[in-house]
Amino acid sequence: MINSQPEVSLVVPCHDEAANLSTLYGRVRAVMDESGKSWEMVCINDGSKDDTLERLLTLHEKDPRIVVIDLSRNFGKEAALTAGLDYARGECAIPLDADLQDPPELIPVLLAKGVSDLAI
């Protein structure tokens, strides 16, 4: 287990995303490791009927920066995202779609902006 607070938490709601998880993890890991920032990826299994949960747990075993939350049923993306934000420990949190609709390669652009630049 990683004890120190990560600089960045990526919050990823997952519903039947088993096919995407390896690619998602590989791209996130490459981008975040290159950034030099400490990070965690909080993945919320939102009542998946495929083997999303099993794949998430396997990723966690290989890399403890992957945090897995398993909801008891499908609550919807917004509720899953809220649950993930509740568990996120990072100094900042970035929501990310598991289907790669949001390219992880854009994360450095967000991080370069800084919190004050992103405040509304």
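Residues numbered from 1 in each chain as written. Predicted model: local features only at pLDDT ≥ 70, side-chain atom pairs only at ≥ 80, totals over all residues. Heavy atoms only, no water.

Section: the overall build of the protein
Check the secondary structure of the protein and you find four helices and four strands. In sequence order, the secondary structure elements of the protein are arranged as β-α-β-α-β-α-β-α. For 120 residues, the compact-globule estimate of 2.2 N^0.38 gives 14 Å, and the C-alpha radius of gyration of the protein, at 13 Å, lies within 12% of that figure. When its C-alpha atoms are laid out on the principal axes, the protein stretches across 40 × 30 × 30 Å. (Helix = DSSP H or I, 4+ residues; strand = E, 2+ residues; numbered from the N terminus. Rg over C-alpha atoms; globule rule 2.2 N^0.38 Å.)

Notes on helix α1 (residues 21-35)
Along an α-helix, residues three or four apart share an orientation, since each turn contains 3.6 residues. Here α1 is 15 residues long and its end C-alpha atoms lie 21 Å apart, about the 21 Å a rise of 1.5 Å per residue gives. Along α1, the residues that are buried comprise Leu21, Leu24, Tyr25, Val28, Val31 and Met32. Angular distribution of buried residues about the axis of α1 spans 145°; they occupy a single face of the element. Facing away from the buried side of α1, by more than 90 degrees, are the exposed residues Ser22 and Glu34. Directly beyond the C-terminal end of α1, a positive phi value near 80° is found at Gly36. (Expected span 1.5 Å × (residues − 1). Buried < 20%, exposed > 50% of the residue type's maximum accessible area, 1.4 Å probe, protein only. Arc of directions from axis to C-beta.)

What to know about the nonpolar core
One finds Leu10, Val12, Leu24, Val28, Met32, Trp39 and Met41 to be the most contacted residues of the largest nonpolar core, which totals 21 residues. Elements with a minimum of two residues in this core: β1 (8-14), α1, β2 (39-45) and α2 (52-62). Looking at this core, the element that brings in the most residues is α1, giving six residues. The contacts of Leu10, once residues within four sequence positions are left out, are Val28, Met32, Glu40, Met41, Val42, Ile94 and Ile107. By size, the runner-up hydrophobic cluster in this structure holds seven residues, among which are Val11, Val42, Ile69 and Ala80. (Core = buried A, V, L, I, M, F, W, Y, C linked by side-chain atoms within 4.5 Å. Contact = heavy atoms within 4.5 Å.)

Observations concerning the packing of aromatic side chains
In total, this model carries zero aromatic pairs according to the counting rule given. A cation over an aromatic ring shows up here: Arg73 above the ring of Phe75, its NZ or CZ 3.9 Å from the ring centre. (Phe/Tyr/Trp six-rings, centres within 6.5 Å; stacked < 30°, edge-to-face > 60°. Lys NZ or Arg CZ within 6 Å of the ring centre and 35° of its normal.)

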